[in-house]
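Coordinates in review
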Amino acid sequence: MSEQQDITVVHVMRHGEVENPQGVLYGRLPGYHLSELGRQMADRVAEHLSSRDVVHVVASPLERAQETATPIAKAHGLDLATDGRLIEAENIFQGKTFGVGDGALKNPANWKYLVNPFRPSWGEPYVEQVVRMKGALDAARDRARGHEAVLVSHQLPIWILRSYVEKRRLWHDPRKRQCTLASLTTFTYEGDRIISVGYSEPAIDLVPVHLRAGAQPGQGQGKAFGA
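Residues numbered from 1 in each chain as written. Predicted model: local features only at pLDDT ≥ 70, side-chain atom pairs only at ≥ 80, totals over all residues. Heavy atoms only, no water.

What about the overall build of the protein?
Short version of the rule: Helical segments are the DSSP runs of H or I of at least four residues, strand segments are the runs of E of at least two, and each set is numbered from the N terminus. Partly exposed describes any residue whose relative accessible area lies between the buried limit of under 20% and the exposed limit of over 50%, with all areas from a 1.4 Å probe on protein chains only and scaled to the type maximum. Here a residue-residue contact requires only that any non-hydrogen atoms of the pair lie within 4.5 Å. Computed with the Shrake-Rupley method and a 1.4 Å probe, the accessible areas treat only the protein chains shown as cover for residues.
A count of helical and extended segments in the protein gives four helices and eight strands. Put simply, the protein runs from its N terminus to its C terminus through helices and strands in the order β-α-β-α-β-β-β-α-β-α-β-β. Residues counted as buried form 48% of the 227 residues belonging to the protein. Across the protein, every contact between residues at least 6 apart in sequence was considered, and the portion connecting residues at least 24 apart equals 71%. Accessible area of the protein: about 10800 Å², with a carbon and sulfur share of 51%.

Written out as structure tokens, the structure reads:
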């Protein structure tokens, strides 16, 4: 009879809503912080996880992720760690507005970046996102063996990680990502092996309807390459 393996749970959370009235694709740019609603989302998830056996909390270095993770770490009396592998995906349209029929797409000089959605040609290759995100996930597993950890990252890298683990193709329709603001994508390990993936939305009542998972963005609302 084999020895029972430790069960470790790693929650990968998308940050809360960002203060961004101009609708800029902020990507990895500094200076983008949570809105008041985003802070409420962070507090809601911290409350949701307060009774869980969380022993490690780590976030992307970007402000919105750090601010989302802070109340979770505080609720468990933990120092917040930072892992650069959890950062947002690199994107050529960073700093620009982007939508169907407006913004960066109006400039023909940008069309060359849209030729290959399978890589994708506009930013960091999906495979590179898998490598760094899986590395961060496994590192958190090792730090929290037999307990739980929380990682705070960004929509596209989280979705690509989940797609890889669930053995789906990495290229996809961005409008169909199941990764709402402040959502939790939860990976359960038995020993070193992932045995299940779960998804929950503890702050869904705070998320505007047009930003919920699977919502179809209207004119000017499209954030086609991650947020």
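Next, the rest of the story.
Thoughts on the pattern of salt bridges
Heads up, the condition is: The term salt bridge refers to a pairing of a side-chain nitrogen on Lys or Arg with a carboxyl oxygen on Asp or Glu at a separation within 4 Å.
Enumeration according to the criterion identifies 17 salt bridges in this entry. Across the pair Glu148 and Arg52 runs a salt bridge, and its minimum N-O distance is 3.1 Å. Note that Glu148 is positioned in strand S6 (residues 148–153) and Arg52 in the loop between helix H1 (36–49) and strand S2 (54–59), a separation of 96 residues in sequence. Given a relative accessible area of 9%, Glu148 falls into the buried group. The salt bridge involving Asp142 is made with Arg141; its shortest N-O contact spans 3.0 Å. A relative accessible area of 41% places Asp142 in the partly exposed class. A residue is classified by how much of its surface remains accessible, and Arg141, at 8% relative accessible area, is buried. By sharing partners, the salt bridges in this structure join Lys134, Asp138, Arg141, Asp142, Arg145 and Asp192 into a single network.

Regarding the sheet that holds strand S7 (residues 184–190)
Condition: A pair of strands is considered paired only if DSSP assigns at least 2 bridges between the two. The axes are straight lines fitted to the C-alpha atoms, using for helices just the contacting stretch, and the angles between their N-to-C directions are given from 0 to 180°.
Taken together, the six strands give an open sheet; going across it, the order is S3-S2-S6-S1-S7-S8, and neighbouring strands pair in mixed fashion. Two strands bound the open sheet, and with one partner strand each, they are strand S3 (80–82) and strand S8 (193–200). The sheet shows a mean angle of 25° between the axes of neighbouring strands, taken without regard to direction. Relative to S3, S2 runs parallel, the two being bridged by three bridges. Residue pairing for S3: Val58 is matched across the bridge by Ala81. Across the sheet, H1 is in contact with strand S1 (7–14), S2, S6 and S7; its angle to S7 comes to roughly 30°. Seen against the sheet, helix H3 (residues 126–143) touches S1, S2, S6, S7 and S8 and runs at an angle of roughly 135° to S1.

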